[in-house]
Amino acid sequence: MTGRLFIFGLGFSGLEIARLAKAQGWAVAGTCTTADKAVRLRAEGIEAHLFDGTQGLDLDEAAIGAPGHVLCTIAPGTTGDPAVARCARLLRRARWLGYLSTTGVYGDHDGGWVDEETPARPSLPRSIARLDAERAWQAIALEAGAALDIFRLPGIYGPGRSTLDQVRAGTARRIDKPGQVFSRIHVADIAGTVLAALGRPHEVGVQGAGIYNVADDLPAPTSEVVAFACELLGKPVPPLIPWEEVEPTLSAMARSFYAESRRVRNDRIKQELGVTLRYPTYREGLRAIALEDLRPPR
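Quantities reported herein were computed from a predicted structural model and do not represent experimental measurements.

Cut-offs applied
- The residue numbers shown here count from 1 along each chain, following its written sequence.
- This being a predicted model, a pLDDT of at least 70 is required before a residue's local features are given, and a value of 80 or more before pairs of side-chain atoms are given or counted; all residues contribute to the totals for chains, interfaces and linings.
- Where side-chain values are given, they derive from all heavy atoms of the structure, hydrogens and water being excluded.
- Here a helix means four or more residues in a row that DSSP labels H or I, a strand means two or more in a row labelled E, and each is numbered from the N terminus.
- Here the globule rule reads 2.2 Å times residues to the power 0.38, and the radius of gyration is calculated from C-alpha atoms.
- Partly exposed describes any residue whose relative accessible area lies between the buried limit of under 20% and the exposed limit of over 50%, with all areas from a 1.4 Å probe on protein chains only and scaled to the type maximum.
- Working rule for contacts: check all heavy atoms of both residues, and any pair within 4.5 Å makes them a contact.
- The term polar contact refers here to a pair of N or O atoms within 3.5 Å; inside protein, the definition further demands a hydrogen-donor-capable atom paired with an acceptor-capable atom, and it admits residues adjacent in sequence only when both atoms are side-chain atoms.
- Here a helix's expected span is defined as the number of its residues, less one, multiplied by 1.5 Å.
- Interaxial angles span 0 to 180 degrees and are taken between N-to-C directions of axes, which are lines fitted to C-alpha atoms, for helices over the stretch in contact.
- An angle below 35 degrees is treated as roughly parallel, one above 145 as roughly antiparallel, one from 65 to 115 as roughly perpendicular, and anything else as oblique.
- For a crossing to be left-handed, the near helix must be turned anticlockwise from the far one by less than a right angle; the clockwise case is right-handed.
- Here the aromatic set is Phe, Tyr and Trp, taking the six-membered ring for Trp, and pairing holds for ring centres within 6.5 Å; pairs whose planes are under 30 degrees apart are stacked, those over 60 apart are edge-to-face, and all others are tilted.
- Note on criteria: charge over ring means Lys NZ or Arg CZ within 6 Å of the ring centre, with the direction from the centre no more than 35 degrees off the ring normal.
- Note on pairing: two strands pair once DSSP finds at least 2 bridges between them.

Caption draft 1: Structural view of the overall build of the protein chain. Helix and strand content of the protein chain: 12 helices and 13 strands. For the protein chain, the C-alpha radius of gyration of 19 Å lies close to 19 Å, the compact-globule estimate for 298 residues. Based on the C-alpha atoms only, the size of the protein chain along its principal axes is roughly 55 × 45 × 40 Å. Every one of the 298 residues in the protein chain was classed for burial, and the buried ones make up 51%. Contacts in the protein chain between residues at least 24 apart in sequence constitute 80% of all its contacts with a sequence separation of at least 6.

Here you go:
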């Protein structure tokens, strides 16, 4: 199935989704925050509109299409989800809505496994805001009579935004916090999962339906990922730094990432959407990025 897809937030994940959708035959439009980026996106054949969350979008029905498909990748702000707050009229035209959320809504599980049936009990303010945003999207979907898929994401990496870049910059550290693990996902697999969801029949207007954890198969400590990245680049592997030693040097944001530990199950995207991960672990993902970096510029 193809059609017209409108994406709020053509950033790191949104643009990857847009490019894959376009390659599969979708007509793609979306938002960005600067005029320069809008020009670049239009040159790629992506219809770009300026939107910074402070005011609505004056778009006609053709911008969404019929039936309409709308995806939001924008993080909620202090006043909630900007797309819901400013563009509710536009969203009510849609037949399918998608929202990129976070696995942070599950809260801390001391390294235990979570799946889509695990109750959402966020503790960090940004994760609480994400759960509030999920509920806002559920409400809009019910008002519109639209299907809704919520994609809960762990740490995202990809070309230009991975541990390889940190190693090259000399900023990667191997922090040793016993029992700490993170799940992660390559941006290309986010795009593949969203497109798989777009291509299936949808149950319309059912609150809570279509929640998907989009994570790879191998949760791992960051220290292991840093060591692997160093090996790929032929760099010395830095020594482990005890958590007690490094914690006082971290920013509040960095400390918050280490405040929770969980392993994220991804069975549902495989069983319901038929997803085969292109990068099932960080090893395949980082190796592919490293190989791409070695190729001469086009």
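Caption draft 2: Expanded view of helix α4 (residues 82-91). Of all the 10 residues making up α4, 7 are buried; the element is thus mostly covered by neighbouring parts of the structure. Regarding α4, the residues found buried are Pro-82, Ala-83, Val-84, Cys-87, Ala-88, Leu-90 and Leu-91. Residue Asp-81 occupies the N-cap position of α4, its side-chain oxygen lying 3.0 Å from the main-chain nitrogen of Ala-83.

Caption draft 3: Examining the side chain of Arg-4 more closely. If you trace the backbone, Arg-4 turns up in strand β1 (residues 4-8). Under the relative-accessibility criterion, Arg-4 is labelled buried at 17%. Among the polar contacts made by the side chain of Arg-4, one reaches the side chain of Glu-47 at a distance of 2.7 Å.

Caption draft 4: Up close: helix α1 (residues 12-23). Here α1 contains 12 residues, and its C-alpha end-to-end distance of 17 Å stays within 8% of the 16 Å for a straight helix at 1.5 Å per residue. Three or more residues of α1 are buried, namely Ser-13, Gly-14, Leu-15, Ile-17, Ala-18 and Ala-21. Gly-25 lies just past α1 and shows a positive phi near 105°.

Caption draft 5: The packing of α1 against helix α7 (residues 187-198), seen in detail. Between α1 and α7, the shortest axis-to-axis distance is 9 Å and the interhelical angle comes to 55°. Considered as vectors, α1 and α7 are oriented oblique to each other. The handedness of the crossing between α1 and α7 comes out as right-handed. Touching Phe-12, Ser-13, Glu-16, Ile-17, Leu-20 and Ala-21 of α1 are Val-187, Ala-188, Ile-190, Ala-191, Gly-192, Val-194 and Leu-195, all from α7.

Caption draft 6: Molecular detail of unusual backbone geometry. The backbone of Asp-110 sits at a positive phi, close to 50°, despite the residue not being glycine. A relative accessible area of 67% places Asp-110 in the exposed class.

Caption draft 7: A look at the packing of aromatic side chains. Summed over the entire model, instances satisfying the criterion amount to 7 aromatic pairs. Where Phe-182 meets Tyr-258, the ring centres are 5.4 Å apart and the plane angle is 90°; that geometry is what we call edge-to-face. On the criterion of sequence distance, the pair formed by Phe-182 in the loop between β9 (174-176) and β10 (184-186) and Tyr-258 in the loop between α10 (252-257) and β13 (263-264) is long-range, its members being 76 residues apart. Summarising the burial analysis for this pair, Phe-182 and Tyr-258 share the class buried. By the ring-pair criterion, three or more aromatic residues cluster together here, those being Phe-6, Phe-8 and Phe-51. For Arg-161, the ring lying beneath its charged end belongs to Phe-12, and the centroid distance is 4.1 Å. Over the ring of Trp-243 we find Lys-177; its NZ or CZ atom is 4.6 Å from the centre of that ring.

Caption draft 8: Inspection of the sheet that holds strand β5 (residues 94-102) at higher detail. Pairing is parallel across the open sheet formed by 7 strands, whose spatial order is β3-β2-β1-β4-β5-β7-β11. Of all the strands in the sheet, the pair left with one neighbour each is β3 (47-50) and β11 (211-213). Neighbour-to-neighbour, the strand axes of the sheet open up by a mean angle of 20°, direction not taken into account. Contacting β1, β4 (68-72) and β5, α4 runs over the sheet at an angle of about 160° to β1. Here α7 sits on the sheet and contacts β1, β4, β5 and β7 (147-153); the angle it forms with β7, its principal contact strand, is near 165°.

The values reported here are purely geometric and, on their own, carry no functional implication.
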